[in-house]
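Below, each chain spelled out in residue letters.
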Amino acid sequence: MRQTPRLKIIRGALGLTQKEFAARFQIPLGTLRDWEQGAKEPDQAARAYLRAIAGDPDAVHRALNAVPPSG
């Protein structure tokens, strides 16, 4: 399960607990735990999301918290 160590590395580099990481990036805590423990593997979309977080975590966080323009 190649993604499991990577997720721990990403989270560790950000200095976040599992709970903080899950909340910041809107991932269910149980899902995050399953991924890190190797019980489940992230699907293709989740892997892409984790790559985006690894590449620019601040941009992902801003995007998640952006107020959509009223139209």
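What you see is a predicted model; the values in this text were computed from it and never measured. (Residues numbered from 1 in each chain as written. Predicted model: local features only at pLDDT ≥ 70, side-chain atom pairs only at ≥ 80, totals over all residues. Heavy atoms only, no water.)

Peer 1: Quick question: what am I supposed to make of the overall build of the protein chain here?
Peer 2: Within the protein chain, the secondary structure is distributed over five helices and zero strands. Walking the protein chain from its N terminus toward its C terminus, one meets helices and strands in the order α-α-α-α-α. When its C-alpha atoms are laid out on the principal axes, the protein chain stretches across 45 × 25 × 20 Å. Within the protein chain, the fraction of its 71 residues that count as buried is 27%. Mean positive and mean negative side-chain charge positions of the protein chain (11 and 7 charges, respectively) differ by 2 Å. (Helix = DSSP H or I, 4+ residues; strand = E, 2+ residues; numbered from the N terminus. Buried < 20%, exposed > 50% of the residue type's maximum accessible area, 1.4 Å probe, protein only. Lys, Arg positive; Asp, Glu negative; His and termini not counted. Charge placed at Lys NZ, Arg CZ, Asp CG, Glu CD.)

Peer 1: Could you clarify how one ought to interpret the packing of helix α4 (residues 44-55) against helix α5 (residues 57-65) in this entry?
Peer 2: Geometry of a packed helix pair, given as the angle between the helix axes and the separation of the axes. Between α4 and α5, the shortest axis-to-axis distance is 5 Å and the interhelical angle comes to 115°. Between α4 and α5, the residues in contact are Y49, A52, I53, A54 and G55 and P57, V60 and L64, respectively. Residues that form the contact of α4 with α5 fall into these classes: seven nonpolar, one polar and no charged. (Axes fitted to C-alpha atoms, helices over the stretch in contact; angles between N-to-C directions. Contact = heavy atoms within 4.5 Å. Nonpolar A, V, L, I, M, F, W, Y, C, P; charged D, E, K, R; others polar.)

Peer 1: Explain the side chain of E36 to me, please; I cannot follow it from the model alone.
Peer 2: Counting through the fold element by element, E36 comes out in helix α3 (residues 29-37). Side chain to side chain, E36 and Q18 meet in a polar contact 2.8 Å long. (Polar contact = N/O pair within 3.5 Å; in protein donor to acceptor, adjacent residues only side chain to side chain.)

Peer 1: Before we go on, may I ask you to explain the environment of W35 in this structure?
Peer 2: Mapped onto the fold, W35 is located in helix α3. Sequence-wise, W35 and L16 are 19 residues apart; in three dimensions their C-alpha atoms are separated by 16 Å.

Peer 1: Before we go on, may I ask you to explain the nonpolar core in this structure?
Peer 2: In a soluble, globular protein the nonpolar side chains are often hidden away together inside. Ranked by internal contacts, the top residues of the largest apolar core, which has 13 residues, are F21, F25, I27 and I53. Broken down by secondary-structure element, the contributors of at least two residues to this core are α1 (3-14), α2 (18-24), α3 and α4. The greatest single-element share of this core, amounting to three residues, is contributed by α4. (Core = buried A, V, L, I, M, F, W, Y, C linked by side-chain atoms within 4.5 Å.)

Peer 1: Explanation requested: the packing of aromatic side chains in the structure shown.
Peer 2: Working definition: an aromatic ring pair is given by the centre-to-centre distance plus the angle between the planes. Counted according to the given criterion, the structure contains one aromatic pair. Centre to centre, the rings of F21 and F25 are 4.9 Å apart; their planes meet at 55°, and the pair counts as tilted. Take F21 and F25: they sit in the same class, and that class is buried. (Phe/Tyr/Trp six-rings, centres within 6.5 Å; stacked < 30°, edge-to-face > 60°.)

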